[in-house]
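Summary of the model geometry
Residue strings, one per chain:
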Amino acid sequence: MMLNEVTTVPDAALPVEQFKAHLRLGSGFGNDSVQDAVLVSFLRAAVTAIEARTGKVLIARDFVLSVTALAADDAVALPVAPVAAIGAVALVDRAGDETPIGGDLFWLERDMHRPRLRSVGHALPTIPVAGTMTVSFTAGYGAVWSEVPADLAQAVMLLASHYYEFRHETTLSEGCMPFGVTSLIERYKPIRLGGGVR
């Protein structure tokens, strides 16, 4: 399985002004925006970390999932949530030739932890030998920051602040995440039972 992010979060979707207020940075000076690039980098890092821990996509963007085998004949588990729409599904053979799968053969089973591409019939088409099935989809809570759940948005602010405050610290352990952040994201973490497909 390989998940590729096709589009990225635009800078305009990140809450830079809210982050400045959260940090209590001074305002009203001629160079108010001088730190914006640095603040954006900390916000991006925090969003990435929260998404990695929860499997939830905060700001909507496009992805392509490639699988070489199906764990279940009638479904493909999508590794992130929430999924808004399936764009296209195709079979790709070893030579790279692509065969689209008609939209009437599958549907999106929406789930906040483990959404799935499901077959309309009893099985999805068979993946060619040494080939893949690709699933293009859009995932995320929304296109703008105000659509991100409040607790996840607060977790991003806290974690980005942590990165900002300790930006010169080199002794923190890998994966260090403040307790307040872990508490806020706990209910969003995926429940792992078996292979997570059925």
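Quick caveat: nothing in here was measured; it's all calculated off a predicted structure. (Residues numbered from 1 in each chain as written. Predicted model: local features only at pLDDT ≥ 70, side-chain atom pairs only at ≥ 80, totals over all residues. Heavy atoms only, no water.)

Section: the sheet that holds strand β1 (residues 2-5)
For the record, the criterion: Only strands that DSSP links by at least two bridges are regarded as paired with each other. Per the convention used, a helix needs a DSSP run of H or I reaching at least four residues, while a strand needs a run of E reaching at least two, with both numbered from the N terminus. Axis definition: a line fitted to C-alpha atoms, limited for helices to the stretch in contact. Angles are taken between N-to-C directions and run from 0 to 180 degrees.
One open sheet holds the five strands; their spatial order is β1-β2-β8-β4-β5, and the pairing between them is antiparallel. Looking at the sheet topology across the chains shown, the edges are occupied by β1 and β5 (98-101). Adjacent strand axes in the sheet meet at a mean angle of 25° when their direction is disregarded. Bridge count between strand β4 (residues 83-92) and strand β8 (residues 132-139): eight bridges; the pairing is antiparallel. When the bridges of β8 are listed, alanine 90 appears paired with threonine 134.

A look at the pattern of salt bridges
Oppositely charged side chains are able to pair whenever their charged atoms sit close together. Put simply, the test is: Between Lys or Arg on one side and Asp or Glu on the other, a salt bridge is scored when a side-chain nitrogen of the former is within 4 Å of a carboxyl oxygen of the latter. Relative accessibility under 20% of the residue-type maximum defines a buried residue, over 50% an exposed one, and the middle range a partly exposed one, all with a 1.4 Å probe and only protein chains included.
According to the stated counting rule, one finds 10 salt bridges in the structure shown. Put simply, arginine 61 and glutamate 5 hold a salt bridge, and the shortest N to O gap is 3.0 Å. Residue arginine 61 is located in strand β2 (residues 61-67), and its partner glutamate 5 is located in strand β1; the two are separated by 56 residues in the primary sequence. Exposure remark for arginine 61: the relative accessible area of 5% places this residue in the buried category. Overall, glutamate 5 belongs to the partly exposed group, its relative accessible area being 42%. With its nearest N and O atoms 2.6 Å apart, the salt bridge here joins arginine 44 to aspartate 11. In this pair, arginine 44 sits in helix α2 (residues 36-54) while aspartate 11 sits in the loop between β1 and α1 (16-23), placing the two residues 33 residues apart along the sequence. Taken together, the salt bridges that share partners define one network made up of Asp74, Glu109, Arg116 and Arg118.

Describing the environment of leucine 70
To be explicit about the condition: A contact between two residues is defined here by any heavy atoms of the two lying within 4.5 Å.
Among the secondary structure elements, leucine 70 is positioned in the loop between β2 and β3 (75-77). Remark: the alpha-carbon pair of leucine 70 and leucine 124, spanning 54 residues in sequence, is separated by 8.9 Å. Excluding residues within four positions of it along the chain, leucine 70 makes contact with Ala75, Val76, Leu124, Pro125, Ile127 and Met133.

A word on the sheet that holds strand β6 (residues 106-109)
An order of β3-β7-β6 is seen for the three strands of this open sheet, with the pairing classed as antiparallel. In the strand order of this sheet, the two ends are held by β3 and β6, each with one partner. Across the sheet, the axes of successive neighbouring strands diverge by a mean angle of 20°, strand direction being ignored. Sheet analysis places β6 next to strand β7 (residues 116-119), joined by four bridges and oriented antiparallel.

Regarding the packing of α1 against helix α3 (residues 150-165)
To keep things clear, this is the line we draw: Left-handed describes a crossing whose near helix is turned anticlockwise from the far helix by less than a right angle; the clockwise case is right-handed.
Where α1 contacts α3, the two axes come as close as 10 Å, and the packing angle between them is 65°. Judged by the sense of rotation from one axis to the other, the crossing of α1 with α3 is right-handed. Counted together, Gln18, Phe19, His22 and Leu23 of α1 and Gln154, Met157, Leu158, Ala160, Ser161, Tyr164 and Glu165 of α3 form the full contact between these two elements.

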